[in-house]
Amino acid sequence: MSLLVIKSSSDLGQLGEQELEELYTWVDSIPLSRPKRNITRDFSDGVMVAEVVSHFLPKLIEIHNYSPANATPQKMQNWFLLNRKVFKKLRFELSEDILRGISNCKPGVIEGVLAMLRTRMERVVWETQQKVDRQAAENERPEADQNSFRSQRKDVTGLNYMNPQTKSKSDQVPLLLLEEKEQEILAKDETIQILNAKIKRMEHLLHLKDIRIEDLQARLEVSRPTGKRHQKHTTAIVRAFMMFYIFLSVMWLIHLFA
């Protein structure tokens, strides 16, 4: 899988109000070593980002390598280490301009990085679970079936070729072509997982919007006891706006992954 290089903050995409609210809620749910008051300043030295990774993927990072810092050069050292040791394993890399912007507390940058990090970690967790499930399924097979399954796997990967004279030309598949197809399948699977994660977040955002609308309706009922017709009209406008917002978001995702 190719490495995704994020060169500027525009490559991270712009988060909407509800996406930001959900991101902040996600961050608040993670136990960190310092209180979270200002996300731009609190995450500027990279230490709390390292703690986020350690919370979900503890084997991926050595948390003791990251020290709190106030000076920009020391902050940059933490980010360079994260970029080299952690982000590359998650198949993305941040440019020095982005790292410097985060270290200098540039507004709006760290949110995009955290959203990207969250998506990539979810992908790794999913892949790990898939491997565990496959291993568990293989362990549940009878021993004879396991031996047959392993033999087939070796043959497919080119580690245990049969005698060429016993195989017809139509049965011989070039190993390079097989690897290319496997890479294509993995790439498509990753795209599907990312899109599914986006859809789930949008469904959650829609739920939050419904809650917000209900709250506004309750307030309108208190403040406008006789204005039911106006209230229904206002609610319809709000819902129409939300559906249009979700439609634009979905179209943006389709364009992004097309």
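Our structure is the block above this text.
Residues numbered from 1 in each chain as written. Predicted model: local features only at pLDDT ≥ 70, side-chain atom pairs only at ≥ 80, totals over all residues. Heavy atoms only, no water.

### A look at the overall build of the protein chain
Alright, step 1. Across its full length, the protein chain carries nine helices and two strands.
Alright, step 2. Listed by position from the N terminus, the elements making up the protein chain come as β-α-α-α-α-β-α-α-α-α-α.
Alright, step 3. Across the 258 residues of the protein chain, 31% fall into the buried class.
Alright, step 4. A fraction of 64% describes how many contacts in the protein chain between residues 6 or more apart in sequence connect residues 24 or more apart.
Alright, step 5. Summing over all exposed atoms, the protein chain offers an accessible surface of approximately 17,100 Å²; the carbon and sulfur share of this is 56%. (Helix = DSSP H or I, 4+ residues; strand = E, 2+ residues; numbered from the N terminus. Buried < 20%, exposed > 50% of the residue type's maximum accessible area, 1.4 Å probe, protein only. Contact = heavy atoms within 4.5 Å. Areas by Shrake-Rupley, 256 points an atom, 1.4 Å probe, with all protein chains shown as cover.)

### Focus on the nonpolar core
Alright, step 1. Core analysis: the biggest nonpolar cluster contains 37 residues, and F43, V49, L82, F87, I110 and L117 have the highest contact counts within it.
Alright, step 2. Where this core is concerned, the elements lending two or more residues are α1 (17–28), α3 (47–56), α4 (72–85), β2 (92–94), α5 (96–103) and α6 (109–139).
Alright, step 3. With seven residues, the single largest contributor to this core is α6.
Alright, step 4. Excluding its chain neighbours within four sequence positions, the residues that come into contact with L117 are V49, V52, V53, F87, L90 and F92. (Core = buried A, V, L, I, M, F, W, Y, C linked by side-chain atoms within 4.5 Å.)

### Examining the side chain of E111
Alright, step 1. By the secondary structure assignment, E111 is in helix α6.
Alright, step 2. No salt bridge forms around the buried E111; measuring N to O, its nearest opposite-charge neighbour K106 is 11 Å away.
Alright, step 3. A distance of 3.0 Å separates the side chain of E111 from the side chain of Y24, its partner in a polar contact.
Alright, step 4. The contact partners of E111, leaving out residues within four places of it in the chain, are L15, L20, L23, Y24, I39 and T40. (Lys, Arg positive; Asp, Glu negative; His and termini not counted. Salt bridge = Lys/Arg side-chain N within 4 Å of Asp/Glu carboxyl O. Polar contact = N/O pair within 3.5 Å; in protein donor to acceptor, adjacent residues only side chain to side chain.)

### Some thoughts on the packing of aromatic side chains
Alright, step 1. Summed over the entire model, instances satisfying the criterion amount to three aromatic pairs.
Alright, step 2. Note on W26 and F56: the rings are 5.7 Å apart at their centroids and 15° apart in plane angle, and the pair reads as stacked. Placement of W26 in helix α1 and of F56 in helix α3 is noted, with a sequence separation of 30 residues between them.
Alright, step 3. The partly exposed category is assigned to F56, whose relative accessible area is 34%. (Phe/Tyr/Trp six-rings, centres within 6.5 Å; stacked < 30°, edge-to-face > 60°.)

### Details of α1
Counting along an α-helix, one turn takes 3.6 residues, and residues three or four places apart therefore face a common direction.
Alright, step 1. Between the first and last C-alpha of α1 there are 17 Å, a value that for twelve residues agrees with the 16 Å anticipated at 1.5 Å per step.
Alright, step 2. Considered for burial, the residues of α1 that qualify are Q18, E22, L23, W26 and V27. (Expected span 1.5 Å × (residues − 1).)

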